[in-house]
Amino acid sequence: MSTSEEWTFPDDVDREAVQDALVEWYEADHREFPWRRTEDPYEILVSEVMSQQTQLGRVVEAWESFLDRWPTTAALADADRADVVGFWTSHSLGYNNRAKYLHEAARQVEEEYDGAFPETPDELQELMGVGPYTANAVASFAFDNGDAVVDTNVKRVLYRAFDVPDDDPTFERVAGELMPAGESRVWNNAIMELGGVACEKTPSCDAAGCPWREWCHAYETGDFTAPDVPTQPSFEGSRRQMRGRVVSVLKEYDELGLDTLGPRVRVDYSPDGEHGREWLRGLVSDLADDGLVDLDETGEEPVARLQR
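One structure accompanies this document, and this report is about it. Computed from a prediction, not measured in an experiment: that's the story for all the values here.

## A word on the side chain of Arg98
Residue position: Arg98 is located in helix α6 (residues 96-112). Beyond its immediate sequence surroundings of up to four residues, Arg98 is in contact with Val49, Gln52, Gln53, Trp88 and Leu93.

The following block contains the structure:
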């Protein structure tokens, strides 16, 4: 992995081809969410606030019900805050402060902006409870006027596809360089879709028809780790594997002393060695704590047996 100071797009990556491939993939087929069919900044803001740490499938019904009840910022601004918070709670949408902030933001739009939403990310951050990410999302999806969105999914995609270092400023720089100028709406939707359906923690490169396979570093190397997907410890030689061997061996015998059991678990077992009696006693004790094995230490040599 290169460092953030050194990182540039690989020479063999045609950035325009990368952009075209992703947009074509997204426009050919993507998940249908109702907020993707609107450019109303209020409706998009509601979807963004509701989607924070809430599964999108659950958000759809709540979003539609919320907008049926309060279809405009004016309607929400006139609502009793207790009703808004009550709606939030009844739909299990998480922290109630989000409902309070959304209510206050609607009042700001009505009172400070004469009912017309601000359009740039910087201006949108003036609204109560609207941070940089949400402001950029609303600017992108409502006004096609945003910067490149950088969320966990986007970081994972960039890290895997182009070997981008795990460094937030570098992710932001690379995401901005990759986004086609003036196309934040389609681009941000597309790259988040890629992270959501093809490049999840467990990737579905071929099944989802990932459009970046020909350039993807992870697809080429088979290393699908990412900032939110740590390397899986090797099973071979692991404590987990050795515990399984203890149980398998004991299934064949009524009971075994530790020094008889040891060589059947590891060929390099030596009573006084690194993988010796104390190491094996630790494994068997763990299994005893889990209710799988009994360890009898009343005789000269500890004896292990499966619990029956």
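Anyway, onward from the coordinates.
## So, the sheet that holds strand β1 (residues 256-257)
If you trace the 3 strands from one edge of the open sheet to the other, you get β1-β3-β2, paired in antiparallel fashion. The open sheet terminates on both sides in strands that have one partner only, identified here as β1 and β2 (293-296). Relative to strand β3 (residues 303-306), β2 is paired through 4 bridges, and the arrangement is antiparallel. Of the residues in β3, the one forming a bridge with Asp294 is Arg305. Across the sheet, helix α15 (residues 277-289) lies against β2 and β3, angled at about 125° from β2, the strand it touches most.

## Observations concerning the packing of aromatic side chains
Per the counting criterion, the structure on display carries 10 aromatic pairs. For the ring pair Trp7 and Phe9, a centre distance of 5.0 Å and an interplane angle of 70° mean the geometry is edge-to-face. Neither Trp7 nor Phe9 differs from the other in exposure class; each is buried. For the ring pair Phe66 and Phe87, a centre distance of 5.3 Å and an interplane angle of 75° mean the geometry is edge-to-face. With Phe66 in helix α3 (residues 56-69) and Phe87 in helix α5 (residues 81-90), this pair connects stretches of sequence that are 21 residues apart. Residue Phe66 shares its accessibility class with Phe87, and that shared class is buried. Clustering of aromatic rings is evident, with ring pairs tying together Trp7, Phe9, Phe162, Trp187 and Trp212. Stacked on the ring of Trp279, the Lys or Arg Arg266 has its end atom at 5.8 Å from the ring centre.

## A short note on α15
For α15, which comprises 13 residues, the first-to-last C-alpha distance of 18 Å matches the rise-based estimate of 18 Å (1.5 Å per residue) to within 8%. For α15, the set of buried residues is Trp279, Leu280, Arg281, Leu283, Val284 and Leu287. Packed against the buried residues of α15 are α13 (239-251), α14 (258-265), β2 and β3. One or two residues past the end of α15 sits Gly291, with phi positive at roughly 80°.

## As for a negative patch on the surface
A cluster of acidic residues, Glu111, Glu112, Glu119, Asp122, Glu123, Glu126 and Asp147, forms a negative patch on the protein surface. Secondary-structure elements contributing two or more residues to the negative patch are α6 and α7 (121-124). Mapping Glu123 onto the fold places it in helix α7. Judged by its relative accessible area of 38%, Glu123 is partly exposed.

## So, the nonpolar core
Met50, Phe66, Leu158, Phe162 and Trp212 are the most contacted members of the largest nonpolar core, which has 74 residues in total. Excluding residues within four positions of it along the chain, Trp212 makes contact with Val18, Leu22, Val157, Ala161, Phe162, Leu178, Trp187, Ile191 and Leu194. One finds Val284, Val293, Ala304 and Leu306 within the second-largest nonpolar core, a separate group that totals 18 residues.

Cut-offs used in this document
Residues numbered from 1 in each chain as written. Predicted model: local features only at pLDDT ≥ 70, side-chain atom pairs only at ≥ 80, totals over all residues. Heavy atoms only, no water. Helix = DSSP H or I, 4+ residues; strand = E, 2+ residues; numbered from the N terminus. Contact = heavy atoms within 4.5 Å. Pairing = 2+ DSSP bridges. Axes fitted to C-alpha atoms, helices over the stretch in contact; angles between N-to-C directions. Phe/Tyr/Trp six-rings, centres within 6.5 Å; stacked < 30°, edge-to-face > 60°. Buried < 20%, exposed > 50% of the residue type's maximum accessible area, 1.4 Å probe, protein only. Lys NZ or Arg CZ within 6 Å of the ring centre and 35° of its normal. Expected span 1.5 Å × (residues − 1). Patch = residues over 30% accessible without salt bridge, like charges linked within 9 Å, V, L, I, M, F, W, Y side chains within 5 Å. Areas by Shrake-Rupley, 256 points an atom, 1.4 Å probe, with all protein chains shown as cover. Salt bridge = Lys/Arg side-chain N within 4 Å of Asp/Glu carboxyl O. Lys, Arg positive; Asp, Glu negative; His and termini not counted. Charge placed at Lys NZ, Arg CZ, Asp CG, Glu CD. Core = buried A, V, L, I, M, F, W, Y, C linked by side-chain atoms within 4.5 Å.

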